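# Remarks on the overall topology
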There are 4 protein chains.
Amino acid sequence: MIKAGIIGISGYSGGKALEILLKHPHVRVTYVSANNTTGRIDTIWPHLAGKTRLFCGKFDLEKAAKCDVIFLAVPHTVSMSITPKLLAKGVKVIDLSGDYRLGRSDVYKKWYKAAHKDTANLRKSVYGLPELYREDIKKANLIANPGCYPTAAVLALTPIASVYGKNIQSLIIDAKSGASGAGRKATVNLSFCEVDENFKAYKVLNHQHVPEIELYLSKVTAGLPNIHFVPHLLPVKHGILETIYIQLDKKVTAKDLETLYKRFYKIEPFVRVKSSGLQPELKDVVGTNYCDIGFAVDAKGTMVVITSAIDNLIKGAAGQAVQNMNIMFDFEENEGLL
Amino acid sequence: MIKAGIIGISGYSGGKALEILLKHPHVRVTYVSANNTTGRIDTIWPHLAGKTRLFCGKFDLEKAAKCDVIFLAVPHTVSMSITPKLLAKGVKVIDLSGDYRLGRSDVYKKWYKAAHKDTANLRKSVYGLPELYREDIKKANLIANPGCYPTAAVLALTPIASVYGKNIQSLIIDAKSGASGAGRKATVNLSFCEVDENFKAYKVLNHQHVPEIELYLSKVTAGLPNIHFVPHLLPVKHGILETIYIQLDKKVTAKDLETLYKRFYKIEPFVRVKSSGLQPELKDVVGTNYCDIGFAVDAKGTMVVITSAIDNLIKGAAGQAVQNMNIMFDFEENEGLL
Amino acid sequence: MIKAGIIGISGYSGGKALEILLKHPHVRVTYVSANNTTGRIDTIWPHLAGKTRLFCGKFDLEKAAKCDVIFLAVPHTVSMSITPKLLAKGVKVIDLSGDYRLGRSDVYKKWYKAAHKDTANLRKSVYGLPELYREDIKKANLIANPGCYPTAAVLALTPIASVYGKNIQSLIIDAKSGASGAGRKATVNLSFCEVDENFKAYKVLNHQHVPEIELYLSKVTAGLPNIHFVPHLLPVKHGILETIYIQLDKKVTAKDLETLYKRFYKIEPFVRVKSSGLQPELKDVVGTNYCDIGFAVDAKGTMVVITSAIDNLIKGAAGQAVQNMNIMFDFEENEGLL
Amino acid sequence: MIKAGIIGISGYSGGKALEILLKHPHVRVTYVSANNTTGRIDTIWPHLAGKTRLFCGKFDLEKAAKCDVIFLAVPHTVSMSITPKLLAKGVKVIDLSGDYRLGRSDVYKKWYKAAHKDTANLRKSVYGLPELYREDIKKANLIANPGCYPTAAVLALTPIASVYGKNIQSLIIDAKSGASGAGRKATVNLSFCEVDENFKAYKVLNHQHVPEIELYLSKVTAGLPNIHFVPHLLPVKHGILETIYIQLDKKVTAKDLETLYKRFYKIEPFVRVKSSGLQPELKDVVGTNYCDIGFAVDAKGTMVVITSAIDNLIKGAAGQAVQNMNIMFDFEENEGLL
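Residues numbered from 1 in each chain as written. Chains lettered and ligands numbered in written order. Predicted model: local features only at pLDDT ≥ 70, side-chain atom pairs only at ≥ 80, totals over all residues. Heavy atoms only, no water.

## Notes on the relation of the copies chain C and chain B
- Aligned on chain B, chain C shows an RMSD of 0.0 Å; the corresponding rotation is 180 degrees and the shift along the axis is 0.0 Å. Between the two chains, the operation in question is that of a two-fold axis.
- A high fraction, 100%, of the interface residues of chain C reappear at the interface in chain B, so the copies pair face to face through one surface. (Least-squares fit on C-alpha atoms with pLDDT ≥ 70 in both. Contact = heavy atoms within 4.5 Å.)

Spelled out as structure tokens, the structure:
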């Protein structure tokens, strides 16, 4: 049994992390905090009543430092102010914010509009995408848990980029996310009457997850074209589906891709590759840690469409964070996640 | 052509009033205002782009006073601070708030938690339920436009109360409303992720619309029992459905009620009485000014269930307000509302 | 490890039972069947891909009989044609249909419009509501798993009926259910465009779950008044919330009720009693095996409103079925259900 | 006043056409029919109760032929069996199916999997997109009312194709439609529980609307690249939003496009071009006959993203059909549509 803590328990990612960890056989959650609320967990998350007697207080470094691992489910910039203190106390940190994902402080500043205050750890952090960085994760003290959109995108693109990287002429990601992706906020824009029966694009060609996707694809193969990324807000609570358009200068078949992907993800517990002709659906991944991936190829054989679906709060946030924790502490990788 | 103005244009009721009035053949909307925003209407309500060039400013009495009629779509307490000034300028006022509905200032204070500041007009206001007060509305200068829940309830209960009033032993109203009933607010409780796929009761046995329903039923018949009223929040944008349980000490049949109601509302343009065995559905009234009413009676013949459905923003607010205006200005009552 | 089978795997209850059992540490699902489809489970339930290699065939008694327990998730009347054969083979049966709930064949015929063909077992069946019949369930070979509406109603009403039974003057249940309660059917009435943004009452005062509720309340106390029950269709996938109105001839307070209910359900793992002033919400029980119960009492102290919420497919069907199985096979009662 | 009829009144497009025409000041609907149901209109469409006393019977050519214009809201292949008979009787026909859109019978056969039986009229039909073919529509006897996806796509692409046609290197349309686009069908796939909280792609790179889009763009400019089109099913009742990716070999700015589009659609009553930085949203077009169009351009200036939104049943079907009728009969083009 290890001791885990969650900072930022009142947000959707923090709450989901707690929900998952309460079922985990090898973890005891001993610390939770939030900055905008305090009280018994069931006053913040009534659905967890009867499952825990934890009390949420304001952040307290000494208390947090008694944990073996801390999940940081706080806004970006807050994370980098807490992380170095926790690491200094010998606590492993899994950071769900964007603070440690981009590797370079100049890129961070460009996209997150803030100077990076912890460049030392920025360089040491490990990108917590187990399917690609499992060995590094095992040894890491600081995990930069991937963004929700990048998780679906990088898992969908890595196999084709690794084999056909030189043939990729253009890359377009049309992404759709449920409302929980925007966090638990009091704004008219996220109110039921504005989101229900509605659909729209936002941050068109200008989302901060683009450099993250480009960075981790560049590690697979050099010379990929820029990514054109348009996110949309779906009238659902949970789930991301990305429709990815890849123009190749070489012919492939859907069967080629199916074979490639099934081989690439053969041993992966949380990636399911669809057989030819079948498409992922949000409802099959929502509530799970799976990423489902499907394909189509046009008649010419040069336009590839890959669809990739995850639950944004699970594989796109808290579930993947627990998967990383399992790897770091040498538990079964799917413990608590099935 | 008359000139109309709307104060509180940025809320759902104000916006809906504008949408309706822009289609009205005898009305020109010449004035709109809001307190929390200013600008061209299409920046506040993009769906109205291309239909109007109105500009929304802060409230300005002199400008408002040039209208023949003002729709007040502001929060309670704000209404009673503006209404006397408009009336003094000779402008007719249709108030969509609760400020002038309850007749007595002590009752107002009990339920709205504020002292009434305009008791003079409180006594002169006319309750704007055309099906019951058409003749008074014709002559009125100040209309207290009914609340959304009371509209559905009073229309559903008046016929049975008028005939079987002495036989009514108990009255229970189980009411369900879409989220727009709560207004256009920035709160986590009304956010998509909290309302979608959810359902709950609120203000159980303690809603400020209860005294309004009791007051206007008491004008139909004396001696009715207290009303037990429980509202619930539905995961829909628009619509109210109330399921009303009436215990009688006398036997009736559903056919008796159907006959009674069809006769009672025979000439009404906006009440539709369902034939035996059919139940109203939200989808048939949403987007319309109709109130649909249906019945069932138990095997003993003494428990009557009446269901009543309206669009909370139309027959429950802006549509009924326009219906009142039509009556006040001697237009066809359904003008602009079909 | 025991061997379990599910008959009727293609419906929502059957699918949910499989989903739960696949996570259960002491159960191996060895048999599944359906009558309208065959094939690998992931062709019927793609969300379970990667979790099982089960194959669904047509019903085959010999194969089913190798299980220790069978979950029957088939329509009523089908159940009573299969159950005696399974029992004769020594297999324990948990029947999710209405076939064995009503105790008497004449009552069954009246409400289910079919003659009962297995009256012998009808008398021997045990009503699978663990909170009331745990000791009988331990010894049972045939469980009549409660209906979804009755589960929420009987749990909500039993404590008050057991203490204030003689004081109850009237009983009204206003029930609201998500669309999965109607089953997985190809009908226009259940299509997205007819259910979304809609709400309506159905089977008003005439639902087949009424006699079930009355029967199991009558075992708590004699002489209760008839129940007036009106179900409604909510635009959500999962969940039931019932608002129950109880007229007493004696005064109580919400605190009295809270104390009574908290005591009554003190040791229950799956009933959560809300503290005064808090109301259950669908979102807190959906996806769980909990029943959440809350109260309000009017100013006079004689009108009690109890609200009760469950997930119709879990505590209202498959989850409760697994809870029963846990009791029958002496597992921890909450195994696989947290 | 003209006399209009609707064949296929029980489907969503037919019902919407009736709803619109009942408000039209110059039209009397004198004939409606359906093949799967008969009866008073309010038994088929309860929301229209009180607005019409029309009776729906089986199709009867003689009765239909008394109309000045017939709206055909029937499935493809049915349309081409009825159309020639109506035209022979001198009735103008507005066909909402795909039967007369593709111009050539071989293309029709490839995409609709049926031989065309009325090639004579196929050549004479006019494509009912008023913004492009207004003059032809005025003189037409047979209108091929555009498909829902093509309406949004052709309106979004025509201006850029007309100016930058030679510079377009690739064309991708990522389209999302509400469930009413699939028609009013009894299938499990369209049931509430399968569509709600779900999202998926379908007919990936293989939808029958592709040749229609390509055909009408080819009339604007020759030599455009093939269109890659992926439709998705949104959990909303109404609305289409298309996100269109256009790779140019020439630099443009969003402002260039805004200027071009605002000029192109300057006099159009039903196309609204968004100002720079604003994106169309479904909720602003649902319930209206508008097409809203917005833009973004990447930093390089060569990737253009155009978003286009309509109500699939109005501008994408029945509303556009009425717009065509208005043009054919020399009414104000927006009559009945505001």
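The rest of the description comes next.
## Structural notes on empty space enclosed by the protein
- The tally for this structure, following the rule as stated, stands at six cavities of 30 Å³ or more.
- Along the lines of polarity and charge, the residues of the lining of the largest cavity split into seven nonpolar, no polar and eight charged. (1 Å grid on protein atoms, 1.4 Å probe; cavity = no way out; pocket = protein on both sides within 12 Å on 5 of 7 lines; lining within 4 Å. Points joined across faces, edges and corners; volume = space filled by probe spheres on them. Nonpolar A, V, L, I, M, F, W, Y, C, P; charged D, E, K, R; others polar.)

## Focus: the interface of chain A and chain B
- Listed by partner, the interface residues are 19 residues for chain A and 19 residues for chain B.
- When the buried area of chain A at its contact with chain B is split by residue, Phe-192, Cys-193 and Lys-237 of chain A rank highest and sum to 42% of it.
- The tally of links from chain A across to chain B stands at two salt bridges.
- Linking Glu-194 of chain A and Arg-184 of chain B is a salt bridge whose minimum nitrogen-to-oxygen distance equals 3.4 Å.
- Run the count over chain A and chain B and you get six residue pairs in polar contact (both at pLDDT 80 or more).
- Among the elements that line the side of chain A that touches chain B, the one with the most residues is helix H9 (residues 192-195) of chain A, at four residues.
- A per-class count over the side of chain A that touches chain B returns 10 nonpolar, three polar and six charged. (Buried area = accessible area lost by both parts, 1.4 Å probe. Salt bridge = Lys/Arg side-chain N within 4 Å of Asp/Glu carboxyl O. Polar contact = N/O pair within 3.5 Å; in protein donor to acceptor, adjacent residues only side chain to side chain. Helix = DSSP H or I, 4+ residues; strand = E, 2+ residues; numbered from the N terminus.)

## Considerations on the sheet that holds strand E13 (residues 271-273) of chain D
Residues and elements named next belong to chain D.
- Strand order in the open sheet made by the seven strands is E10-E11-E9-E12-E15-E14-E13, with mixed pairing throughout. Only two strands of the sheet have a single neighbouring strand rather than two, namely strand E10 (200-201) and E13.
- Sheet analysis places strand E12 (residues 240-248) next to strand E15 (residues 303-310), joined by eight bridges and oriented antiparallel. Counterpart to Ile-240 in the pairing with E15 is Ile-310.
- Sheet contacts for helix H10 (residues 210-218): strand E9 (168-177) and strand E11 (227-233); angle to E11, the most-contacted strand, approximately 135 degrees.
- Across the sheet, helix H11 (residues 254-264) is in contact with E13, strand E14 (291-297) and E15; its angle to E14 comes to roughly 155 degrees. (Pairing = 2+ DSSP bridges. Axes fitted to C-alpha atoms, helices over the stretch in contact; angles between N-to-C directions.)

## Quick notes on the environment of Ala-318 of chain D
Residues and elements named next belong to chain D.
- The topology assignment puts Ala-318 in helix H13 (residues 314-328).
- Judged by relative accessible area, which is 0%, Ala-318 ranks as buried.
- In sequence terms Ala-318 and Gly-5 are 313 residues apart; their C-alpha atoms lie 13 Å from each other.
- If we skip the residues at most four places from it in the chain, Ala-318 touches Ser-13, Lys-16, Ala-17, Ile-20, Leu-96 and Leu-313. (Buried < 20%, exposed > 50% of the residue type's maximum accessible area, 1.4 Å probe, protein only.)

## Notes on the interface of chain C and chain B
- Each partner contributes to the interface: chain C provides 37 residues, whereas chain B provides 37 residues.
- Taken together, the two surfaces of chain C and chain B that pack against each other cover about 3,100 Å², and 65% of this comes from carbon and sulfur.
- For the chain C face of the interface with chain B, the top three residues by lost area are Glu-197, Phe-199 and Tyr-245 of chain C, together amounting to 18%.
- Where chain C packs against chain B, one counts six salt bridges.
- One can count 18 residue pairs in polar contact (both at pLDDT 80 or more) joining chain C with chain B.
- For the side of chain C that touches chain B, the secondary-structure elements that each account for two or more residues are strand E9 (168-177), strand E10 (200-201), strand E11 (227-233), strand E12 (240-248), helix H12 (282-285), strand E14 (291-297) and strand E15 (303-310) of chain C.
- When grouped by side-chain class, the residues that make up the side of chain C that touches chain B number 18 nonpolar, nine polar and 10 charged.

None of this, on its own, says anything about what the molecule does.
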